[in-house]
Amino acid sequence: QVQLVESGGGLVQAGGSLRLSCAASGRTFSNYAMGWFRQAPGKEREFVGAIDWGSRTYYANSVKGRFTISRDNAKNTVYLQMNSLKPEDTAVYFCAARARVVSVTESDYDYWGQGTQVTVSS
């Protein structure tokens, strides 16, 4: 069992930055692929990016070049650094975990955090 807790959300002006954290429980964090998803009001949850057990990263085209995912296995934490934020980045951001290999499909993930709100004002 893995429990995930996101933090770091908030209100930021367009062009600003935020760093989200996702702290995981469990001894085998390093074996998990970690994904970030987001859900804007009235829209379906969408893939943002992911990092696999070997720290290879993958991003949605909409955030590529602006967002960076990293992980610290010693701290059981994955990060989502968000730069050059846009109003369309406003959403609840979720982290998720699955064994080793990343996926862009939310149903492939076994564990989810509760989400953290990110609001970008224009």
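Residues numbered from 1 in each chain as written. Predicted model: local features only at pLDDT ≥ 70, side-chain atom pairs only at ≥ 80, totals over all residues. Heavy atoms only, no water.

Points about the state of the cysteines
Piece 1. All told, the structure shown has one disulfide when counted by the stated rule.
Piece 2. Cys-22 shares a disulfide with Cys-95; S-S distance 1.9 Å. One quick way to see it: the torsion about the S-S bond of Cys-22 and Cys-95 is about 55°, and its sign makes the bridge right-handed. Taken as a pair, Cys-22 in strand β3 (residues 18-24) and Cys-95 in strand β9 (residues 91-99) lie far apart in primary sequence, 73 residues in all. Comparing Cys-22 with Cys-95, the two get one shared label, buried. (Disulfide = S-S within 2.5 Å. Helix = DSSP H or I, 4+ residues; strand = E, 2+ residues; numbered from the N terminus. Buried < 20%, exposed > 50% of the residue type's maximum accessible area, 1.4 Å probe, protein only.)

Digging into unusual backbone geometry
Piece 1. Look at Ser-55: it is not a glycine, yet its phi comes out positive at around 70°.
Piece 2. When you line up the elements, Ser-55 lands in the loop between β5 (46-51) and β6 (57-59).
Piece 3. Backbone geometry places Arg-100, a non-glycine residue, at a positive phi of 60°.
Piece 4. As for its position among the elements, Arg-100 is in the loop between β9 and β10 (111-112).

Considering the packing of aromatic side chains
Piece 1. Counted under the stated rule, the structure contains six aromatic pairs.
Piece 2. An aromatic cluster of three or more residues is present, and its members are Phe-37, Phe-47, Phe-94, Tyr-109 and Trp-112.
Piece 3. A cation over an aromatic ring shows up here: Arg-56 above the ring of Trp-53, its NZ or CZ 5.7 Å from the ring centre.
Piece 4. A cation over a ring is seen here: Arg-100 above Trp-53, with NZ or CZ 4.1 Å from the ring centre. (Phe/Tyr/Trp six-rings, centres within 6.5 Å; stacked < 30°, edge-to-face > 60°. Lys NZ or Arg CZ within 6 Å of the ring centre and 35° of its normal.)

Focus on the nonpolar core
Piece 1. Within the largest apolar cluster, 35 residues are counted, with the highest numbers of intra-cluster contacts made by Leu-4, Met-34, Trp-36, Leu-80, Met-82 and Tyr-93.
Piece 2. Those elements that provide at least two residues to this core are β3, β4 (32-39), β5, β7 (67-72), β8 (77-82), β9 and β11 (116-121).
Piece 3. Considering each element in turn, this core owes the most residues, five residues, to β9.
Piece 4. With near-sequence residues (within four places) excluded, Tyr-93 lies in contact with Glu-6, Leu-20, Phe-37, Arg-38, Val-48, Phe-67, Leu-80, Met-82, Gly-115, Thr-116 and Val-118. (Core = buried A, V, L, I, M, F, W, Y, C linked by side-chain atoms within 4.5 Å. Contact = heavy atoms within 4.5 Å.)

Some points on the pattern of salt bridges
Piece 1. The full count for this structure, using the stated rule, is five salt bridges.
Piece 2. A salt bridge links Arg-38 to Glu-46, with the nearest nitrogen and oxygen atoms 2.6 Å apart.
Piece 3. Put simply, Arg-38 and Asp-89 hold a salt bridge, and the shortest N to O gap is 2.9 Å. With Arg-38 in strand β4 and Asp-89 in the loop between β8 and β9, the pair connects residues that are 51 residues apart, well separated along the chain. Here Arg-38 and Asp-89 have matching classes, each one buried. (Salt bridge = Lys/Arg side-chain N within 4 Å of Asp/Glu carboxyl O.)

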